[in-house]
Amino acid sequence: MVKSNRKRPLYDQLVDLLKGKIENEFEPDSLLPSERELVDQYGVSRTTVRQALQELEQMNYIYRRHGKGTFVSDLRNHATNLSGAYSFTDQMKSLGKHPETKILLYRVVEASKYFADKLNVPLGEKLIKIKRLRLADGVPMMLERTYLPLKLFLSLTEERLAEKPLYEIFSEDYGQIVKMAEEEFYAGIARINDSEFLDIHEGTPVLNLVRTTYNSKNEIIEYTLSVARGDQFKYKTIHLRS
């Protein structure tokens with residue numbers, strides 16, 4: 001039974017309960033209990049159940065078949081593994097998906113203290129700021145904010161960036177060989193500005209990624225802050241015991 005909680009709507013609590021069952025108990029493509037069964041099982045109104053199911057459907061945890069009911073999605077097929085993936089374009093192609101990138105912003109800015117520290121450049125150094133929306137098969141997947149030291153990419157233009165992937169530009173146009181990319185991942189919730197681009201509700205779970213890319217001289221050539229849809233990505237790591 002879902003308990004009344006002033007801080008969290010009932011439907012939101014029901015979403016969490018059903019998510020737990022879908023992730024740990026239900027098999028992919030299995031039939032979910034009917035709305036009436038869920039009403040009886042959790043002691044909530046039909047409106048609450050419908051709100052919860054709508055939220056789960058938007059998060060790709062469930063799908064509906066007209067006249068047959070609501071079914072559990074195969075989360076393995078909806079999630080993209082980010083482990084070790086330097087290139088969004090290459091990653092999507094490897095999964096048989098059509099990648100697309102929309103450049104939302106391209107401008108030169110001065111490095112604030114935060115970005116000066118992250119890119120190891122002087123305060124006020126000129127940076128290229130790029131904001132891009134990444135899509136696969138027309139579905140918004142990730143929103144990226146990338147910062148590059150202008151001095152390393154003086155001739156880079158928005159038009160050139162639209163023509164080829166950034167990492168190909170690094171190596172082919174500027175001789176910048178990626179030696180290492182350090183990535184951090186942490187869970188979060190979508191802010192309203194990001195949610196509009198990602199076609200999700202404000203407050204929806206997302207995966208935040210922070211990437212720092214180094215060249216062969218151990219110089220930082222890229223700092224990217226990304227927000228990925230939580231229903232479209234997963235992170236997998238393997239630990240080997242020596």
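Structural notes, computed from the coordinates.

Reading the values: rules and limits
- Per-chain numbering applies: the sequence of each chain, read as written, is numbered from 1 onward.
- In keeping with the predicted nature of the model, local features appear solely for residues at pLDDT of at least 70, side-chain atom pairs appear and are counted solely at 80 or more, and the whole-chain, interface and lining totals rest on all residues.
- Note that water and hydrogens are dropped before the side-chain values are worked out from all heavy atoms of the structure.
- Among buried residues, those of type Ala, Val, Leu, Ile, Met, Phe, Trp, Tyr and Cys that are joined through side-chain atoms within 4.5 Å constitute a nonpolar core.
- Think of it in three bands: with a 1.4 Å probe and only protein chains considered, a residue is buried below 20% of the maximum accessible area for its type, exposed above 50%, and partly exposed in between.
- Going along the chain from the N terminus, every DSSP run of H or I of four or more residues is numbered as a helix, and every run of E of two or more is numbered as a strand.
- Whenever Lys or Arg places a side-chain nitrogen within 4 Å of a carboxyl oxygen from Asp or Glu, that contact is recorded as a salt bridge.
- Geometry is summarised by axes, namely lines fitted to C-alpha atoms with helices restricted to the contacting stretch, and by angles between N-to-C directions that run from 0 to 180 degrees.
- Oblique is the label for every angle not falling under 35 degrees (roughly parallel), over 145 degrees (roughly antiparallel), or within 65 to 115 degrees (roughly perpendicular).
- We call two residues contacting when some pair of their heavy atoms lies within 4.5 Å.
- In this classification, the charged set is Asp, Glu, Lys and Arg, the nonpolar set is Ala, Val, Leu, Ile, Met, Phe, Trp, Tyr, Cys and Pro, and all remaining amino acids, among them Gly, are polar.
- Only strands joined by at least two bridges in the DSSP assignment are considered to pair.

**Side note on the nonpolar core**
Link 1 in the chain: With 16 residues, the main nonpolar core has Leu14, Leu18, Val49, Leu53 and Ile62 as its most contacted residues.
Link 2 in the chain: If you list the elements that add at least two residues to this core, you get helix H1 (10-24), helix H2 (35-42) and helix H3 (46-58).
Link 3 in the chain: Within the second largest apolar cluster, 13 residues are counted, among which are Tyr106, Ile130, Phe170 and Ile221.

**Focus on the pattern of salt bridges**
Link 1 in the chain: Per the stated rule, a full pass over the model turns up 17 salt bridges.
Link 2 in the chain: Salt-bridge contacts for Arg134 lead to Glu144; the nearest nitrogen and oxygen are separated by 2.7 Å. Note that Arg134 is positioned in strand E5 (residues 126-136) and Glu144 in strand E6 (residues 139-149), a separation of 10 residues in sequence.
Link 3 in the chain: Residues Asp173 and Arg160 are paired through a salt bridge, measuring 2.9 Å at the closest nitrogen-oxygen approach. In this pair, Asp173 is assigned in helix H8 (residues 166-174) and Arg160 in helix H7 (residues 158-163), connecting sequence segments 13 residues apart.
Link 4 in the chain: Residue classification places Arg160 among the partly exposed positions, given a relative accessible area of 29%.

**With respect to the packing of H1 against H2**
Link 1 in the chain: Two elements in contact, H1 and H2, have axes separated by 13 Å at closest approach and are oriented at 105°. With respect to H2, the element H1 is oriented roughly perpendicular. Counted together, Leu14, Leu17, Leu18 and Lys21 of H1 and Leu38, Gln41 and Tyr42 of H2 form the full contact between these two elements.
Link 2 in the chain: In terms of residue class, the contact of H1 with H2 is built from 5 nonpolar, 1 polar and 1 charged.

**Digging into the pairing of strand E8 (residues 205-215)**
Link 1 in the chain: Counting buried residues in E8 gives 10 out of 11 residues, a clear majority hidden from the surface.
Link 2 in the chain: Relative to E8, strand E7 (residues 178-189) runs antiparallel, the two sharing 11 bridges. Note that in E8 the partner of Ala187 across the bridge is Leu207.
Link 3 in the chain: When E8 meets strand E9 (residues 220-229), the two strands line up antiparallel, connected through 9 bridges. Of the residues in E9, the one forming a bridge with Val210 is Leu225.

**Here we look at the sheet that holds E9**
Link 1 in the chain: Ordered in space as E4-E5-E6-E9-E8-E7, the 6 strands form an open sheet in which the pairing is antiparallel. Strands at the two margins of the open sheet, each flanked by one partner only, are strand E4 (99-110) and E7. Each strand of the sheet is rotated relative to its neighbour by a mean of 15°, with strand direction disregarded.
Link 2 in the chain: Note: E6 against E9, 6 bridges, orientation antiparallel. Considered in E9, the bridge of Arg145 is made with Leu225.
Link 3 in the chain: Its contacts with the sheet put H8 on E5, E6, E7, E8 and E9, and the angle it makes with E9 is roughly 165°.

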